[in-house]
Amino acid sequence: QRGVDMLIALDISASMNAEDVRPSRLEKAKFEINRLVERLDGDRVGLIIFTGEAFLQSPMTLDYSALRLFLEIVSTDQMPSSATDFSSALEVAEQAFKALYTEEQENQSAISAARVLLIISDGEDHEQKYKDALNTLTAAQVSIYTLGIGTTLGTTIPLYEEGTGELVGYKRDRQGKVVTTALQREVLQQIAAQGGGSYYQIDRGNSGIDAFLARVDKLEQGEFSTQEYADFKDQYQWLAALGLILLLLSWFIPIYSASKHSTKSLKVSG
């Protein structure tokens, strides 16, 4: 199996509940990730979720079914912080790549696959302290791509009653004003440019996943596993045919010998 090593960092901050992209930014992102996974072939993929903190939800694996299970349970309630900090996602990605390749070096595995980090977010970074972590990843030859989700027009963040799903209001700030959120693509474009990748976008009319996949297909692929097997060709037919011929001959030879012996016996007695 040959492919690339890919980590997907998914923003699960409160702003990802906005519904300017249906059914919501988060649910649309999860749908597009599933589409991405369906089209992977031999690529190792893992999942990071992040807000103000980051967590490796699924280590890199070839088991796409397991990844889908981890993705299914992702929600904005999973992390305590509702803010967004890209540096936390970049740091966890750096640790994940480092741990993976350290393990392979110990096992004397020769891997030459491209390393890819895909960040999916609406771009609202409340910290703006990601440059050091970004430089560390690029120094480790990790290509960083970003996928913006949402619209630049801005919208509110709905709040629903847990259990019933009934709309109970909209998210407000500390002063009681209704919070609006919009896609901040400039931040994502800067991260992609500095990370040696490209910026793509998901909005109401298009999906950048397809363009991203086309780029991944062109990246250098490494060999993750090799399986050797033997395929034997059946040639018993020749032996079966020979056995059948000998069986037919065995029916005639004893009968012929017995008839000849009986004829000689009659001549002697006569």
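In short, a report on the structure. (Residues numbered from 1 in each chain as written. Predicted model: local features only at pLDDT ≥ 70, side-chain atom pairs only at ≥ 80, totals over all residues. Heavy atoms only, no water.)

Our next topic: the pattern of salt bridges. Summed over all chains, the structure comprises nine salt bridges. Two residues, Lys30 and Glu27, come together in a salt bridge whose shortest N-O distance is 3.6 Å. Pair noted here: Lys30 and Glu27 are both in helix α1 (residues 25-39), with a separation of three residues, about one helical turn. Judged by relative accessible area, which is 37%, Glu27 ranks as partly exposed. Note that Glu32 and Lys28 form a salt bridge whose closest N and O atoms lie 3.0 Å from each other. Taken together, the residues span about one helical turn, with Glu32 and Lys28 both in helix α1 at a distance of four residues. By relative accessible area, Lys28 is classed as buried at 18%. Overlapping salt bridges, with partners in common, bring together Lys28, Glu32, Arg35, Arg39 and Asp210 in one network. (Salt bridge = Lys/Arg side-chain N within 4 Å of Asp/Glu carboxyl O. Helix = DSSP H or I, 4+ residues; strand = E, 2+ residues; numbered from the N terminus. Buried < 20%, exposed > 50% of the residue type's maximum accessible area, 1.4 Å probe, protein only.)

All right, on to helix α4 (residues 131-139) then. Turning to α4, its buried residues number three or more, namely Ala133, Leu134 and Leu137. For α4, the buried positions fall inside an angular range of 100° around the axis, keeping them on one side. Those residues of α4 that are exposed and angled more than 90 degrees off the buried face are Lys131, Asp132 and Ala139. With its phi angle positive at about 65°, Gln141 sits one or two positions after the end of α4. (Arc of directions from axis to C-beta.)

Here the focus is unusual backbone geometry. Across the junction of Arg22 and Pro23, the peptide omega takes the value 0°, indicating a cis bond. Here Pro23 lies in the loop between β2 (5-11) and α1.

If you walk across this open sheet you meet the six strands as β4-β3-β2-β5-β6-β11, and the pairing is mixed. In this open sheet, the two edge strands, each paired with only one partner strand, are β4 (54-61) and β11 (196-202). Shown here is a sheet whose adjacent strand axes are inclined to one another by a mean of 15°, direction ignored. Summarising the sheet, β2 and strand β5 (residues 115-121) pair through six bridges and their orientation is parallel. Note that in β5 the partner of Ala9 across the bridge is Ile119. Helix α6 (residues 209-216) rests against β2, β5, β6 (142-149) and β11 of the sheet, and its axis sits at about 155° to β11. (Pairing = 2+ DSSP bridges. Axes fitted to C-alpha atoms, helices over the stretch in contact; angles between N-to-C directions. Contact = heavy atoms within 4.5 Å.)

It is worth spelling out the environment of Asn17 at this point. Note on placement: Asn17 falls in the loop between β2 and α1. Separated by 141 residues in sequence, Asn17 and Pro158 have C-alpha atoms that sit 7.0 Å apart. The contacts of Asn17, once residues within four sequence positions are left out, are Ser24, Thr76, Ile157 and Pro158. Here the side chain of Asn17 touches Thr76 through a polar contact of 3.0 Å, side chain to side chain. (Polar contact = N/O pair within 3.5 Å; in protein donor to acceptor, adjacent residues only side chain to side chain.)

Next up on the list: the packing of α1 against helix α2 (residues 64-72). Put simply, α1 and α2 touch, their axes get as near as 11 Å, and they point 180° apart. Judged on the interaxial angle alone, α2 and α1 are roughly antiparallel. In this structure, α1 contributes Lys30, Ile33, Asn34, Val37 and Glu38 to the contact, and α2 contributes Tyr64, Leu67, Arg68, Leu71 and Glu72. (Parallel < 35°, antiparallel > 145°, perpendicular 65-115°, else oblique.)

Remember, this is a structural readout, not a statement about activity or role.
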